[in-house]
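# Survey of secondary and tertiary structure
Residue strings, one per chain:
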Amino acid sequence: FLKATAVATLATGVSAVAGGVKAQDKKFTIALIPGLTTDAFYITMRKGAEAAAKAVGAELMFQGASDFNPVTQVPVLDAVIAKKPDAILIAPTDKDQLVQPLKKAADAGIPVITVDTFIGTGVYQTGSGDADFPLSYIASDNLLGGAIAARALAKAVGEKGKVYVSNVKPGISTTDQREQGFKDEMKKYPNITVLETQYNDDDANKAASQLQAVYARNSDLDGVFGANLFSALGAANGVQQAGQTGKIRVVAFDAPTTIVDNINSGLVDLAIAQHPAEIGYFGVMAAYAHLTGNSIPTSIGTGFTVIDKSNVTDKNVAKFIYSD
Ligand code: T6T
C-alpha cells in the first residue's frame, strides 16, 4: 500500500519533504485574461492574482485586449490557448460569444475558471447545457450590488422622481445583473420612475453626453445609477457639465481613485467598491488547488465596500479604492 502511494505521489509531480509538508515540483503557469487591460478594476484584480501566484510559486501570465469587446478578446484567448498555460482565468466579455472560444481551451485540456463575469447562466459543473464546463465562477454578487445601488439612489432622491441606469451594453453578465437587481429593487418605490437605460459601450464620454441628453429631455431628472466604472465616471462628468452637481444624484458602481474627489465634492453620493484583488487572489488559488489535485467550489462570492462621505477617509475603507 505504501509503495502504491509513493508511485501515485511521484506521478502527480508532488514530492514529500522533511516534516511531512508537500512541495510542488512543477511551476504552474496560470493565465489571467481581463475584460480589458486599461481598467483600474482589472489592474487591481491583477495585483491580487500576482500576490497569490507569488505565494504558491506559480507564474501569472496577464494578457488582454485594449477594449471590452468579444471581437478583440477572442484573438487574445486564442493566443493564450496556443501558449498552453496550465489554467486560464478569464473575465468573458459576453455571456454567449465566449462559450465556443472557451470550449476550445477546455477541449485542449486547459481548466477554465471565470472571474468577474460568467458565460451561460454562470452555474457551472451541472452536467447540462453547453456552458457549464468552467470549474468555478469567482465574483461579486452583482444582483445584490444593483439592489444596494437602488436603495441608495432612492434614499438620495427622497424616494420619488425620475432616474435611469447608465450601462455598458447588453450581454455582459455583471452589468446585466446590476441593472436587473437595481430595477427589481426599484419596484419597491412606486413614486420613482426608471427611464430607459442608456448604453455607452464602456465609453465615459458617451455616458456624459447621454446624461446631458436625458436631462435635456427630462428637466426633472433626479438621479442616475452608473453600473460600472466608465458608466459612473461619465454620468458624473455629465452631471457636472450640466451644472447639476448635488441636484442630479449619482450612485456609482466601482471605485477608481477619482471617486474620492467626486464623493468629497458631493458630485457622487455613494460608490459601491468591488473587491477585485480578492477576485484575482482567489482565482489563482482556486486554479492552483485544482492543479494540485484538490476539489474547488463551483462559485466563490466576494464582497463589497460601500463608500460615502462618512467613511471615505477611513483607512479600512480607503484600501478598497482601486489601483491605477
Ligand atoms: O465593473 C467592472 C467589472 O465588474 C465589469 O464586469 C466591467 O466593468 C468593470 O471592469 C469596470 O470598468
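Scroll up to find the structure this text is about.
Residues numbered from 1 in each chain as written. Predicted model: local features only at pLDDT ≥ 70, side-chain atom pairs only at ≥ 80, totals over all residues. Heavy atoms only, no water.

### What to know about the packing of aromatic side chains
Across all of its chains, the model carries nine aromatic pairs by this definition. With a centroid separation of 5.2 Å and an interplanar angle of 90°, the aromatic rings of Phe-118 and Tyr-137 are classed as edge-to-face. With Phe-118 in the loop between β6 (112–115) and β7 (136–140) and Tyr-137 in strand β7, the pair connects residues that are 19 residues apart, well separated along the chain. Here Phe-118 and Tyr-137 have matching classes, each one buried. Joined through ring pairs, the aromatic side chains of Phe-182, Phe-225, Phe-253 and Phe-304 make up one cluster. (Phe/Tyr/Trp six-rings, centres within 6.5 Å; stacked < 30°, edge-to-face > 60°. Helix = DSSP H or I, 4+ residues; strand = E, 2+ residues; numbered from the N terminus. Buried < 20%, exposed > 50% of the residue type's maximum accessible area, 1.4 Å probe, protein only.)

### What to know about the sheet that holds β7
Read across the sheet, six strands follow the order β4-β3-β5-β6-β7-β14 without closing on themselves; strand pairing throughout is parallel. Edge positions in the open sheet fall to β4 (59–62) and β14 (299–302), since each of these has one partner strand only. Strand after strand, the sheet turns through a mean of 20° between neighbouring axes, direction not considered. With four bridges connecting them, strand β3 (residues 29–33) and β4 associate as parallel partners. Following the sheet pairing, Ala-31 is matched in β4 by Met-61. Lying on the sheet, helix α10 (residues 276–291) is in contact with β3, β4, β5 (87–90), β6, β7 and β14; it crosses β7 at an angle near 165°. (Pairing = 2+ DSSP bridges. Axes fitted to C-alpha atoms, helices over the stretch in contact; angles between N-to-C directions. Contact = heavy atoms within 4.5 Å.)

### Brief notes about the packing of helix α2 (residues 40–56) against α10
Packing of α2 against α10 leaves a shortest axis separation of 6 Å and a crossing angle of 40°. When the axis of α2 is compared with that of α10, the two are oblique. In this structure, the crossing between α2 and α10 has a hand that is right-handed. Touching Phe-41, Thr-44, Met-45, Gly-48, Ala-49, Ala-51, Ala-52, Ala-53, Ala-55 and Val-56 of α2 are Pro-276, Ala-277, Ile-279, Gly-280, Tyr-281, Val-284, Met-285 and Tyr-288, all from α10. Classifying every residue of the contact of α2 with α10 by side-chain character gives 15 nonpolar, three polar and no charged. (Parallel < 35°, antiparallel > 145°, perpendicular 65-115°, else oblique. Left-handed = near helix turned anticlockwise from the far one by under 90°. Nonpolar A, V, L, I, M, F, W, Y, C, P; charged D, E, K, R; others polar.)

### Quick word on the side chain of Asp-132
Topologically, Asp-132 is positioned in the loop between β6 and β7. With no salt bridge to any partner, buried Asp-132 finds its closest opposite charge in Lys-103, at an N-O distance of 8.1 Å. Among the polar contacts listed, one links the side chain of Asp-132 to the backbone nitrogen of Thr-126, at a separation of 3.0 Å. When near neighbours in sequence (up to four residues on either side) are disregarded, Asp-132 contacts Val-123, Tyr-124, Gln-125, Thr-126 and Gly-127. (Lys, Arg positive; Asp, Glu negative; His and termini not counted. Salt bridge = Lys/Arg side-chain N within 4 Å of Asp/Glu carboxyl O. Polar contact = N/O pair within 3.5 Å; in protein donor to acceptor, adjacent residues only side chain to side chain.)

### Some details on the pairing of strand β8 (residues 161–167)
In terms of residue burial, β8 counts as a mostly covered element, since five of its seven residues are buried. Pairing analysis gives three bridges linking β8 to strand β9 (residues 192–194), with the strands arranged parallel. For Val-163, the partnering residue across the bridge sits in β9 and is Val-194. Between the parallel elements β8 and β9, the chain passes through helix α6 (residues 173–186) in a crossover that is right-handed. By the bridge criterion, five bridges tie β8 to strand β11 (residues 221–226) in an arrangement that is parallel. When the sheet's bridge partners are listed, Ser-166 is paired in β11 with Gly-226. For β8 and strand β10 (residues 198–199), the ladder comprises two bridges, and the chain directions are parallel. Note on β10: the bridge partner recorded for Asn-167 is Tyr-199. (Right-handed = clockwise from strand over helix to strand, strands pointing away.)

### Quick word on the site of the ligand
Taken together, 13 residues surround the ligand, and among them Asp-39, Asp-116, Thr-174, Arg-178 and Asp-254 come closest. The contact in question runs from an oxygen atom of the ligand to an N or O atom on the side chain of Asp-39, over 2.6 Å. Asn-228 is positioned with one of its side-chain polar atoms (N or O) 3.0 Å from an oxygen atom of the ligand. Protein contacts shield 99% of the accessible area of the ligand, which totals 300 Å² for the unbound molecule. For the shell around the ligand, the secondary structure elements donating two or more residues are α2, α6 and α8 (229–241). Looking at the shell around the ligand, its residues break down into five nonpolar, four polar and four charged. (Near = heavy atom within 4 Å. Areas by Shrake-Rupley, 256 points an atom, 1.4 Å probe, with all protein chains shown as cover.)

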